[in-house]
Amino acid sequence: MSFNSTRARRTALAVAAAGLLLSTAACGSSDDNSSSNGSGDTKAASGPVTMTLWTNSTTGPGVQFFKDAASAFHTQNPNVTINVQSVQNEDYDGKLQTALQAGKGSAPDILFQRGGGKMLAMVQAGQLSEFTPSSDAQSNISAGTQSIFQADGKSYGIPLSITPEGIWYSKDLFKKAGVTSTPTTIADLTADAAKLQAAGTPLAVGGKDGWPAAHWYYMFAVRDCSQDALNKAASSAQFSDPCFLQAGKDLGTFMAKNPFEKDAFNTAAQGSAASTAGLLANHKVAGELMGAWEPGVVGDLTPDKKPLADLGYFPFPATADGKGDPSAMMEGADGYSCSAWAPKECGDFLNFLATADQETKYATAFSAIPANKAAQGSVTDAASKAALDAANNAKYSVLFLDTLFGSNIGNALNTAVVNSCRVSPATRRASSTPSTTRPRRGNSNP
């Protein structure tokens, strides 16, 4: 893919413009709807209780985990029955928004949640219930991770896993291409990418889905921008610091070296052998930038449906003269919330899911890193352990920027980056509208 300096500048300016243009609307929609059902405690139910749980896991161990958890909770609470419903990840946000707007009778009681700005919009719309994390959850899940699911100091969800981002790669393909150590600088990564491209196994990006390409820009911003600049952008939804423009330039310089697979912006992030996750699973590409769901997603697409034996991980490399700390991490958390119409037993179930025992099982089913520190000993694969170590050693962490800013600004950021990165008008016409949803593992589903 070509990405000249003019296009690099346009990337950063488009992103900045998206934030500047949308900041007024976003800040103006902060009316407090706390009088609605979503802001109070979950409501008491009498007699038998039936709840519906929506998850974006569609097959295999992910769905089975929730079915087993629902059964175990029913054993402890015979009056409570939980029906698990799977929704494909690409369809999840749209269907959930429609269901929540329709309200009682349509909305799920228990819903998959990533927190941040998207959750805040649900809180402000009165669509979520406040709940109180158990003392066990408060003790064993870090305050920073819990804060992703909080608004005005109140909890509206519980994290089950953390998802630090970095580059997940095939150790065998790196070695075959002559890459003997993982890169720590963008200069190193650029040189390594050239070796990988020459070997016929380049790095990959699922540009068709939009957000995977946008996350390259976000990671350059995390490296180029100081923590203070990132915090100011988070609080103001404006990107006036020159570091954001520098991140666009650095991304353009990197992409000008053609580091990615052919037709990257017509390639999906996952779901089949032809996706970037599938290409990595079958040793057709050498690696990609992703969150900590990657081991499970890739493992579901290997020929034997087992974890990729040579999968490795390294943090995003440092930029030259970047003002961000080289150890800084961009990450998210996956969890669950109670809708405004859920009975009080929903909160009880969330605390049940957050126990070390259940999070250990969750981590095994999803090849994930549990949020509960008492369950993190269950992380055994080398790649996930490396990601966990990087997260624990980070000087500071930043929530995925598209999640942090919510749907309006987050989607605009994703689209601005992707539209600036596309190779040509022909590619732009051939590519579908970028998705803004991130993968989550449920075997082959995001």
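All values derive from a computational prediction rather than experimental measurement.

A. Looking closely at the pairing of strand β10 (residues 311–314). Burial along β10 is two-sided: the face carrying L311 and Y313 and the face carrying G312 and F314 are both buried. Bridge count for strand β7 (residues 166–170) against β10 is 4 bridges, and the pairing is antiparallel. Note on β10: the bridge partner recorded for S170 is L311.

B. The arrangement of the environment of T253 in detail. Inspection of the secondary structure puts T253 in helix α11 (residues 242–255). For T253, a relative accessible area of 53% translates into the label exposed. On a C-alpha basis, the gap between T253 and T190 in space is 9.4 Å, while along the polypeptide they are 63 residues apart.

C. Representation of the packing of helix α9 (residues 211–224) against α11 within the structure. Between α9 and α11, the shortest axis-to-axis distance is 8 Å and the interhelical angle comes to 125°. Accordingly, the angle class assigned to the pair α9 and α11 is oblique. Seen along the crossing, α9 lies across α11 with a hand that is right-handed. Here W216, Y217, F220, A221 and D224 of α9 come into contact with α11, specifically with C243, F244, Q246, A247, G248, D250, L251 and F254. For the contact of α9 with α11, the residue count by class is 9 nonpolar, 2 polar and 2 charged.

D. Looking closely at the sheet that holds strand β13 (residues 369–370). On the basis of which strands lie adjacent, the open sheet formed by 6 strands has the order β2-β1-β3-β12-β6-β13 and mixed pairing. A single partner strand is all that each edge strand has here, and the edge strands are β2 (80–86) and β13. Of the strands in this sheet, β1 (49–55), β2 and β12 (333–338) touch helix α2 (residues 60–76), which is tilted by about 170° from β2.

E. Representation of the sheet that holds strand β8 (residues 203–204) within the structure. Here we have 4 strands laid out as an open sheet, ordered β8-β9-β7-β10, and mixed in their pairing. Across the chains shown, the open sheet's two edge strands, defined by having one partner strand only, are β8 and β10.

F. Geometry of the packing of aromatic side chains. On inspection of all chains with the given rule, the structure shows 27 aromatic pairs. Consider the rings of Y92 and F112, whose centres lie 5.7 Å apart with planes at 75°: the pair is edge-to-face. With a gap of 20 residues between them, Y92 in helix α3 (residues 89–102) and F112 in strand β3 (residues 110–113) connect regions that are remote in the sequence. Among the aromatic residues, those joined into a cluster by ring pairs are F65, F66, Y92, F112, Y336, Y362 and F366.

G. Main features of the pairing of strand β6 (residues 158–162). The buried count for β6 comes to 5 of 5 residues, which makes it a mostly enclosed element. As paired strands, β6 and β12 are joined by 4 bridges and run antiparallel to one another. Looking across to β12, one finds that P159 is bridged to G335. The sheet contact formed by β6 and β13 spans 2 bridges and is antiparallel.

H. Quick look at the nonpolar core. I82, I110, W216, F244 and F349 are the most contacted members of the largest nonpolar core, which has 128 residues in total. Among the elements that make up this core, the one with the highest residue count is α9 (10 residues).

I. Summary view of unusual backbone geometry. One non-glycine residue with positive phi stands out, namely A237, at about 55°. By secondary structure assignment, the location of A237 is in the loop between α10 (227–236) and α11. Look at A237 and you get buried, because its relative accessible area is 7%. Backbone geometry at N258 places phi at a positive 55°, although glycine is not the residue there. Along the chain, the position of N258 falls in the loop between α11 and α12 (276–281). Accessibility expressed as a relative area gives 31% for N258, which makes it partly exposed.

J. Representation of the pattern of salt bridges within the structure. Counted under the stated rule, the structure contains 5 salt bridges. One salt bridge connects D93 with K118, and the closest N-O pair in it is separated by 3.4 Å. Within this pair, whereas D93 is found in helix α3, its partner K118 is found in helix α4 (residues 116–124), the two being separated by 25 residues in sequence. Across the pair K344 and E345 runs a salt bridge whose closest N-O atoms are separated by 3.6 Å.

What counts, and at which threshold
- Residues numbered from 1 in each chain as written.
- Predicted model: local features only at pLDDT ≥ 70, side-chain atom pairs only at ≥ 80, totals over all residues.
- Heavy atoms only, no water.
- Buried < 20%, exposed > 50% of the residue type's maximum accessible area, 1.4 Å probe, protein only.
- Helix = DSSP H or I, 4+ residues; strand = E, 2+ residues; numbered from the N terminus.
- Pairing = 2+ DSSP bridges.
- Axes fitted to C-alpha atoms, helices over the stretch in contact; angles between N-to-C directions.
- Parallel < 35°, antiparallel > 145°, perpendicular 65-115°, else oblique.
- Left-handed = near helix turned anticlockwise from the far one by under 90°.
- Contact = heavy atoms within 4.5 Å.
- Nonpolar A, V, L, I, M, F, W, Y, C, P; charged D, E, K, R; others polar.
- Phe/Tyr/Trp six-rings, centres within 6.5 Å; stacked < 30°, edge-to-face > 60°.
- Core = buried A, V, L, I, M, F, W, Y, C linked by side-chain atoms within 4.5 Å.
- Salt bridge = Lys/Arg side-chain N within 4 Å of Asp/Glu carboxyl O.

Geometric values such as these leave the question of function open.
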